[in-house]
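# An overview of the molecular structure
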Amino acid sequence: MSKVKINNSIIVDGKFTIEVFADKSNKPITIYKRGIFETDKYIEEISSLENERYFINGIDVYKETYGSEDDIISYEFSFSNMQNLIKEKDGMVGK
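Values in this document were obtained by computation on a predicted structure and should not be read as measured data.

Reading guide: rules and limits
Residues numbered from 1 in each chain as written. Predicted model: local features only at pLDDT ≥ 70, side-chain atom pairs only at ≥ 80, totals over all residues. Heavy atoms only, no water. Pairing = 2+ DSSP bridges. Helix = DSSP H or I, 4+ residues; strand = E, 2+ residues; numbered from the N terminus. Axes fitted to C-alpha atoms, helices over the stretch in contact; angles between N-to-C directions. Core = buried A, V, L, I, M, F, W, Y, C linked by side-chain atoms within 4.5 Å. Buried < 20%, exposed > 50% of the residue type's maximum accessible area, 1.4 Å probe, protein only. Contact = heavy atoms within 4.5 Å. Salt bridge = Lys/Arg side-chain N within 4 Å of Asp/Glu carboxyl O.

For strand S4 (residues 48–50) and strand S5 (residues 54–57), the ladder comprises three bridges, and the chain directions are antiparallel. Within the sheet, the bridge partner assigned to Ser-48 lies in S5 and is Asn-57. Hairpin connection from S4 to S5: three residues lie between these consecutive antiparallel strands.

If you want it as structure tokens, here you go:
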């Protein structure tokens, strides 16, 4: 777990994984951006996530998952924008 800033103000222990992929079976090609955020805190609304590596905004949470054996809540979401903060620190800018 790392420190994750939510909505530019709330800091919690958590982790997130994101993926960006293209569905080439559609014409035109459809680009999907989605991810999963996990923490032991319930967050009413999530619009952005940030850690030392990434800043993600334009988040739309579409699923929350709760386990019976632990306190972790998983938030599945789509997003519109992502910044790779590591590349920007190294002088490389990625999309």
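Attention now moves to the sheet that holds S5. Ordered in space as S6-S7-S3-S2-S1-S4-S5-S8, the eight strands form an open sheet in which the pairing is antiparallel. Edge positions in the open sheet fall to strand S6 (60–66) and strand S8 (81–84), since each of these has one partner strand only. Each adjacent strand pair in this sheet contributes to an overall mean axis angle of 25°, direction not counted.

Counting residues in each nonpolar core, the largest one holds 14 residues, and the members touching the most others are Ile-6, Phe-37, Ile-46, Leu-49, Ile-59 and Phe-77. Of all the elements in the fold, those that place two or more residues in this core are strand S1 (2–6), strand S2 (10–23) and strand S7 (73–78). Of the residues forming this core, the biggest block, three residues, is contributed by S7. Not counting residues within four places of it along the chain, the set of residues in contact with Ile-6 comprises Val-12, Phe-37, Ile-43, Ile-46, Ser-48 and Leu-49.

In total, this model carries four salt bridges according to the counting rule given. Measuring nitrogen to oxygen at the nearest pair gives 2.5 Å for the salt bridge that ties Arg-34 to Glu-19. Here Arg-34, found in strand S3 (residues 30–39), pairs with Glu-19, found in strand S2; they are 15 residues apart in sequence, far enough to count as distant. Accessibility expressed as a relative area gives 36% for Arg-34, which makes it partly exposed. According to the relative accessible area criterion, Glu-19 is partly exposed, its value standing at 36%.

So, about unusual backbone geometry. In this structure, Pro-28 follows Lys-27 across a cis peptide bond, with omega equal to 0°. Mapped onto the elements of the fold, Pro-28 is located in the loop between S2 and S3. Its identity as a non-glycine residue notwithstanding, Asn-7 has a phi of 55°, on the positive side. On the secondary structure map, Asn-7 appears in the loop between S1 and S2. For Asn-7, a relative accessible area of 22% corresponds to the partly exposed category.

Position of Gly-35 relative to the elements: it lies in strand S3. Along the sequence, Gly-35 and Phe-55 sit 20 residues apart, while their C-alpha atoms lie 13 Å from each other. Here Gly-35 is in contact with Thr-17, Ile-18, Tyr-75, Glu-76 and Phe-77, once residues within four sequence places are set aside.

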